[in-house]
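Letter by letter, the chains look like this.
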Amino acid sequence: MIIIMDPEATGFEIENVVAEVEARGWQTHISRDSGETIIGLQGQGQPMDPFHMGQLPGVRHTMAITQKFKLASRAFRPEDTTFAIGDMIIGGSQLAVIAGPCSVESRDQLLETAHAVKDAGATFLRGGAYKPRTSPYSFQGLGEQGLKFLAEAREATGLPIVTEVMSPNKVPLVSVYADVLQIGARNMQNYDLLNAVGRAQKPVLLKRGMSATIEDLLMAAEYILAHGNYQVMLCERGIRSFDNKYSRNTFDINAIPLLKEVTHLPVVADPSHAIGVRRHVRAVTLAGIAAGADGLIIETHPDPDHAVSDGDQSLTLPQFAELMDQVRAVASAIDRVV
Ligand code: PEP
Ligand code: MN
């Protein structure tokens, strides 16, 4: 249940409602949206009578939320969530374009990519310093040195940084360098990590696990929101299906409009990890925009054939620039701007 207070409700009336709810064993989550105070009930308390609660002084109305995810639901917050990162507003009419290599490999590789994607119109730089690799023998990332290269690239281009954090104890360190903390698909249900990024109060890009349902993704986001951190972007990056001969994963295009319907959080499409094939990244990118994505994350590399990770799906720098012209065209057809 959520309890929506009158805009004129006094502090005393709000406290009174909170006390009544907590006396019945619930925890409360208070949000203040455009001057309106909303009290959400969390945890497992005794049943509450919506009629009785609706009669308390200062209460405008109460609403039952039937979904398992509460704070992420449209019922809780009907308006799209928007937040600023640098000059960019995420979740509004602007389309966010996050581009860069899968892994930060060297200073030169990263700076060359950063300048090229910036010139082509990207709005964020991506690059992994800590890499979740299927094999322990594969390149694991440059660690803090990679983060330093990312910070230098931000300094040089002004592009905010999106980079992955893999464990809760690295959240403070990665937060020093990153503008957006990426949670990888393999970590979508690492609850200690979700709690840690929730507490960090930094923007988060939460990738859908490769076998996670849409509800699983929303429940994972709920962990972050429960800490009062609403700066969360959900990312569709392809799910495992039965065909892995021609594509790496299956891009779940359905997820974009479905998520936009049930949640107020912005949604980002990742065509690179979804299809996993360089020559087809363009088609999936454009489809993602048309489906209503609020942003894109596209792997881009100066020499993809020699990349240490995900080269097969990484665009060359000229390919990315060419794609951006088409991104702008499709975006403008549905009244969005890059
Ligand atoms: C990545 O963005 O390079 C990455 C590892 O993505 P995912 O977690 O979606 O596999
Ligand atoms: Mn990758």
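Up top is the structure.
Draft legend 1. Quick peek at the overall build of the chain. In terms of helices and strands, the chain carries eleven helices and 14 strands. Taking 20 Å as the expected radius of gyration for a compact globule of 338 residues, we find that the chain reaches 21 Å, a close match to that expectation. If one aligns the C-alpha atoms of the chain with their principal axes, the spans along those axes are about 65 × 45 × 40 Å. Here the chain holds 338 residues, and the buried ones make up 54% of them.

Draft legend 2. Molecular detail of the sheet that holds strand S12 (residues 232–236). The eight strands are arranged S7-S8-S9-S10-S11-S12-S13-S14 in a closed barrel whose pairing can be described as parallel. Between one strand axis and the next, the sheet turns by 25 degrees as a mean value, whatever way the strands run. Examined bridge by bridge, strand S11 (residues 204–207) and S12 share four bridges and lie parallel to one another. By the bridge assignment for S12, Leu 206 is matched with Leu 234. The sheet contacts of helix H3 (residues 107–120) involve strand S7 (96–100) and strand S8 (124–126), and relative to S8 the element is tilted by about 150 degrees.

Draft legend 3. Quick look at the packing of aromatic side chains. Across all of its chains, the model carries one aromatic pair by this definition. Sitting over the face of the ring of Tyr 230, Arg 77 holds its NZ or CZ atom 4.5 Å from the ring centroid.

Draft legend 4. Just the site of ligand 1, in detail. In the vicinity of ligand 1 there are 13 residues, among which Arg 126, Gln 182, Ala 185, Lys 207 and Arg 237 approach most closely. With respect to ligand 1, the side chain of Lys 207 contributes an N or O atom lying 2.9 Å from an oxygen atom. Contact between ligand 1 and His 273: an oxygen atom at 3.1 Å from a side-chain N or O atom of the residue. When the residues that make up the shell around ligand 1 are grouped by side-chain class, the tally is three nonpolar, three polar and seven charged.

Draft legend 5. Layout of the coordination of the manganese ion (ligand 2). Protein-derived ligands of the manganese ion (ligand 2) are Cys 102 (SG), His 273 (NE2), Glu 299 (OE) and Asp 310 (OD), with the metal-ligand distances lying across 2.0 to 2.4 Å. The motif formed by the donor residues of the manganese ion (ligand 2), counted along the single chain, is C-x170-H-x25-E-x10-D. A residue pair is termed long-range when its members are at least 10 positions apart, and Cys 102 in the loop between S7 and H3 and Asp 310 in the loop between strand S14 (295–299) and helix H11 (317–333) qualify at 208 residues. A residue is classified by how much of its surface remains accessible, and Cys 102, at 4% relative accessible area, is buried.

Draft legend 6. Expanded view of the pattern of salt bridges. As enumerated under the stated definition, the model contains 14 salt bridges in all. Between Glu 36 and Arg 60 there is a salt bridge; the shortest N-O distance is 2.0 Å. Placement of Glu 36 in strand S3 (residues 36–42) and of Arg 60 in strand S4 (residues 59–63) is noted, with a sequence separation of 24 residues between them. For Glu 36, a relative accessible area of 23% gives the class partly exposed. When the shortest N-O distance is used, the salt bridge between Arg 208 and Glu 236 registers 2.7 Å. On the criterion of sequence distance, the pair formed by Arg 208 in the loop between S11 and helix H7 (214–225) and Glu 236 in strand S12 is long-range, its members being 28 residues apart. Assigned by exposure class, Arg 208 and Glu 236 land together as buried. The structure contains a network of salt bridges with shared partners spanning Arg 208, Glu 236 and Asp 252.

Draft legend 7. Up close: the nonpolar core. Among the nonpolar cores identified, the biggest contains 76 residues, and Leu 125, Leu 206, Leu 234 and Phe 320 are the most heavily contacted of them. When residues in this core are grouped by element, the largest group, seven residues, is from H7.

Draft legend 8. Layout of helix H6 (residues 191–200). Listed in full, the buried residues belonging to H6 are Leu 193, Leu 194, Ala 196, Val 197 and Gly 198. Against the buried residues of H6 lie helix H5 (171–177), strand S10 (180–183), S11 and H7.

Draft legend 9. Inspection of the packing of H3 against helix H4 (residues 144–157) at higher detail. In contact at an axis separation of 9 Å, H3 and H4 are set at 35 degrees when each is read in the N-to-C sense. With respect to the hand of their crossing, H3 and H4 are arranged in right-handed fashion. The segment H3 lies against H4, with Arg 107, Leu 110, Leu 111, Ala 114, His 115 and Lys 118 engaging Phe 149, Leu 150, Glu 152, Ala 153, Ala 156 and Thr 157. Residues that form the contact of H3 with H4 fall into these classes: seven nonpolar, two polar and three charged.

Draft legend 10. Inspection of the state of the cysteines at higher detail. As enumerated under the stated definition, the model contains zero disulfides in all. No disulfide involves Cys 235; its sulfur sits 13 Å from the nearest other cysteine sulfur, which is in Cys 102.

The rules behind the values
Along each chain, numbering runs from 1 in the same order as the chain's sequence is written. In the order they appear in the text, chains get letters beginning with A and ligands get numbers beginning with 1. Residue-level local features of this predicted model are given only where pLDDT is at least 70; pairs of side-chain atoms are given and counted only at 80 or more, and the full residue set underlies all totals for whole chains, interfaces and linings. Water and hydrogen atoms were dropped before computing side-chain values, which therefore reflect all heavy atoms in the structure. In DSSP terms, a helix is any run of H or I states spanning at least four residues, a strand is any run of E spanning at least two, and both are numbered starting from the N terminus. This radius of gyration counts C-alpha atoms alone. The globule rule is 2.2 Å times how many residues there are, raised to the power 0.38. Think of it in three bands: with a 1.4 Å probe and only protein chains considered, a residue is buried below 20% of the maximum accessible area for its type, exposed above 50%, and partly exposed in between. When DSSP finds two or more bridges between a pair of strands, those strands are recorded as paired. To obtain an axis, a line is fitted to C-alpha atoms, over the contacting stretch when the element is a helix, and the angle between two such axes runs from 0 to 180 degrees between their N-to-C directions. Contacts are assigned to residue pairs that have any heavy atoms within 4.5 Å of one another. Stacked, tilted and edge-to-face are the three classes applied to pairs of Phe, Tyr and Trp rings, where Trp contributes its six-membered ring and a pair requires centres within 6.5 Å; stacked means planes under 30 degrees apart, edge-to-face means over 60, and tilted covers the rest. A ring is considered to have a charge above it if a Lys NZ or an Arg CZ atom is located within 6 Å of its centre and within 35 degrees of its normal. In these notes, residues near a molecule or strand are those with any non-hydrogen atom within 4 Å of it. In the analysis that follows, any N or O atom pair within 3.5 Å is treated as a polar contact, provided that within protein one partner can donate a hydrogen and the other can accept it, and provided that, for residues neighboring in sequence, both atoms belong to side chains. Under the scheme applied here, ten amino acids are nonpolar (Ala, Val, Leu, Ile, Met, Phe, Trp, Tyr, Cys and Pro), four are charged (Asp, Glu, Lys and Arg), and all others, including Gly, are polar. Distances decide who is a donor: an N, O or S atom must be within 2.8 Å of the metal, or within 3.2 Å for Na, K and Ca. Water is not included, so sites may look incomplete. Within this document, salt bridges are pairs made up of a side-chain nitrogen of Lys or Arg and a carboxyl oxygen of Asp or Glu, the two lying within 4 Å of each other. The nonpolar core is taken to be a set of buried Ala, Val, Leu, Ile, Met, Phe, Trp, Tyr and Cys residues, with the residues joined through side-chain atoms within 4.5 Å. Crossings are classed by handedness, with left-handed meaning an anticlockwise turn of the near helix from the far one by less than a right angle and right-handed meaning a clockwise turn. By definition, disulfides here are pairs of cysteine sulfur atoms that lie within 2.5 Å.

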